[in-house]
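Structural overview for review
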Amino acid sequence: MKQQQNQKQTQKLKQGYYLSHQHMKLMHIMHLSGYALQEYIANELEQNPALEAESEIEPPEQREENTNKEEREFDPDLWDNDDDLFEKNYKLPTQQEEYYEAPVIQFYSLPENLKEQIHLMNLPEDITTLACYLADELEEDGYLRISIADAAYDYGFSLGKLIEEAQIETALAALQQCEPAGVGARNLQECLLLQLHRKKNQQDEITQLSIKILRDHYQHFVQRHFNKIKSELSIDSTTFESCIALISKLNPKPVSESNKYELLKEQIIPEFEVSVENDQLFVALTSSEFTKLRVNEDFNATQMKSNNETELKEASNYFQHLVNEANTLVNALKERETTMMNIITWIVKMQPDFFKSGDTKDLKPMILQDVAHATGYDISTVSRITSNKHVQTPFGIFALKGLFMRGLNAGDPAQAPTTAIRVQELITQIIKEEDKTNPLSDNDIVALLNKQGSHIARRTVVKYRESLSIPNSSLRKQER
């Protein structure tokens with residue numbers, strides 16, 4: 001039997017990208033916000049004994065001084081005379097040092113916030129439970145879009161018992177008493193009425209008339225049949241305009257992006273600070289995390305007593321691993337802060353008008369690629385540094401991501417690029433100044449924007465107009 005043995009040798013070239021452990025750790029901490037980084041460092045300090053916080057390190061001179069201080073504080077002579085006890089204690093030498101303490105932050109989602117308010121109302125237990133159930137059923141904008149019948153059926157089915165619709169109505173009424181005003185509304189009409197009923201001066205004539213308009217003449221109101229409303233309510237144009245002004249100030253969405261920001265900014269710790277002095281801009285980091293950490297180089301296995309060389313070697317390797325991990329973190333924090341400083345410096349250079357005025361209309365077109373090109377960093381690095389980060393300015397706190405936007409005329413070299421925010425401001429101004437009896441169509445707005453140098457499509461105007469909650473021309477039309 002003839003046997004054949006074939007040997008075949010192949011060579012395959014594979015291209016890959018190796019990420020070092022330090023680089024992976026750096027990419028991770030670059031994405032973390034200030035508060036998340038503080039938690040991350042606290043966790044590392046707890047897990048790695050080779051890593052120390054500077055606040056935990058006390059020089060011998062300080063320890064001696066503190067010891068003497070403690071002895072003076074517990075001096076029995078201080079207790080001889082109760083009358084001057086406070087004075088003696090007050091005059092004891094104190095250490096004049098200031099420490100920055102990050103605020104303890106607790107952020108509640110909308111349902112959690114509402115449930116906390118509900119539990120403070122002293123409602124019957126069954127109504128409290130139902131109101132909390134409805135809080136979980138709300139949409140992100142604060143509306144309840146399931147019917148009372150469906151809510152009763154779904155909740156009753158989950159418990160295996162019958163729930164009366166009247167109970168759901170009672171629970172919903174309790175939920176609608178919560179903040180923000182209008183939450184739990186089932187439609188726009190109910191949302192606006194809930195806000196009017198919350199007015200401190202709800203007995204005022206204008207407020208009462210506004211309630212009647214929305215409650216009894218809502219269809220005429222949305223169809224802008226204002227003459228019919230004035231005729232049926234027997235009110236003059238001046239009074240009616242006051243009612244319209246009051247209603248226009250109400251929020252059509254109980255939970256909008258604006259009041260979401262008001263809630264979120266309570267928990268923001270800005271990583272950057274930009275100040276203006278003599279028309280010059282200065283940038284700084286609000287804190288330096290790596291300067292608070294050090295590596296204990298004396299952390300080793302030399303003090304370990306064992307006759308087993310294998311155990312000693314394993315212990316030595318383990319201790320060295322902890323030291324290496326601590327060094328990796330400290331070096332990564334240094335590189336993170338250097339990168340952050342370089343990137344925020346270039347962002348300020350690209351947006352000087354905005355940082356001097358605080359007005360988003362002064363923002364110039366800027367994308368991640370622009371900053372990456374200026375700094376020499378990879379675009380992914382710029383993205384990580386600007387994500388979840390905020391900058392403190394004399395005009396308030398701003399999210400870095402909000403400063404990036406494409407230029408709408410970027411493809412036309414003959415036109416100066418403009419931003420979406422600027423175009424939205426122009427649209428608002430154009431509509432504000434239009435003839436209300438003959439409002440401008442979207443095509444008319446496009447033509448006016450073209451004359452002002454903003455060349456955008458009609459669909460873009462429609463998108464921006466709708467995002468500004470501005471109705472179309474037919475709904476904006478007012479009768480003479």
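Quick note: structure is the one above.
Anyway, here's the lowdown on the structure attached to this text. (Residues numbered from 1 in each chain as written. Predicted model: local features only at pLDDT ≥ 70, side-chain atom pairs only at ≥ 80, totals over all residues. Heavy atoms only, no water.)

A closer look at the nonpolar core
Of all hydrophobic cores here, the largest spans 40 residues; its most connected members are Ile347, Phe355 and Leu403. Elements that contribute at least two residues to this core include exactly helix 1 (21-31), helix 2 (34-47), strand 2 (272-277), strand 4 (293-295), helix 15 (309-350), helix 16 (352-357), helix 17 (368-375) and helix 18 (379-386). For this core, the element with the highest residue contribution is helix 15, accounting for 12 residues. Once residues lying within four places of it in the same chain are set aside, the contact partners of phenylalanine 355 are Val274, Val276, Leu281, Ile347, Val348, Val391, Thr393, Phe395 and Leu403. The next biggest cluster of nonpolar side chains, apart from the first, holds 22 residues, and it includes Ile127, Ala152, Ala171 and Val183. (Core = buried A, V, L, I, M, F, W, Y, C linked by side-chain atoms within 4.5 Å. Buried < 20%, exposed > 50% of the residue type's maximum accessible area, 1.4 Å probe, protein only. Helix = DSSP H or I, 4+ residues; strand = E, 2+ residues; numbered from the N terminus. Contact = heavy atoms within 4.5 Å.)

Regarding the pairing of strand 6 (residues 396-399)
Across four bridges, strand 5 (residues 390-393) lies against strand 6 in antiparallel orientation. Bridging across to strand 6, glutamine 392 finds its partner in isoleucine 397. The turn joining strand 5 and strand 6, which pair antiparallel and follow one another in sequence, is formed by two residues. (Pairing = 2+ DSSP bridges.)

Section: the side chain of lysine 230
By the secondary structure assignment, lysine 230 is in helix 12 (residues 226-233). For the buried lysine 230, which has no salt bridge, the nearest side chain bearing the opposite charge is glutamate 241, at an N-O separation of 6.5 Å. At 3.3 Å, the side chain of lysine 230 and the side chain of serine 237 are in polar contact. (Lys, Arg positive; Asp, Glu negative; His and termini not counted. Salt bridge = Lys/Arg side-chain N within 4 Å of Asp/Glu carboxyl O. Polar contact = N/O pair within 3.5 Å; in protein donor to acceptor, adjacent residues only side chain to side chain.)

Considerations on helix 7 (residues 148-159)
Compared with the 16 Å implied by 1.5 Å per residue over 12 residues, the 17 Å span of helix 7 between its first and last C-alpha is a close match. Buried within helix 7 are the following residues: Ile148, Ala151, Ala152, Tyr155 and Gly156. Taken around the axis of helix 7, the buried residues stretch over an arc of 120 degrees, which confines them to a single face. Summarising the geometry of helix 7, the exposed residues directed more than 90 degrees from the buried face are Tyr153, Phe157 and Ser158. Against helix 6 (125-137) and helix 8 (165-175) lie the buried residues of helix 7. (Expected span 1.5 Å × (residues − 1). Arc of directions from axis to C-beta.)

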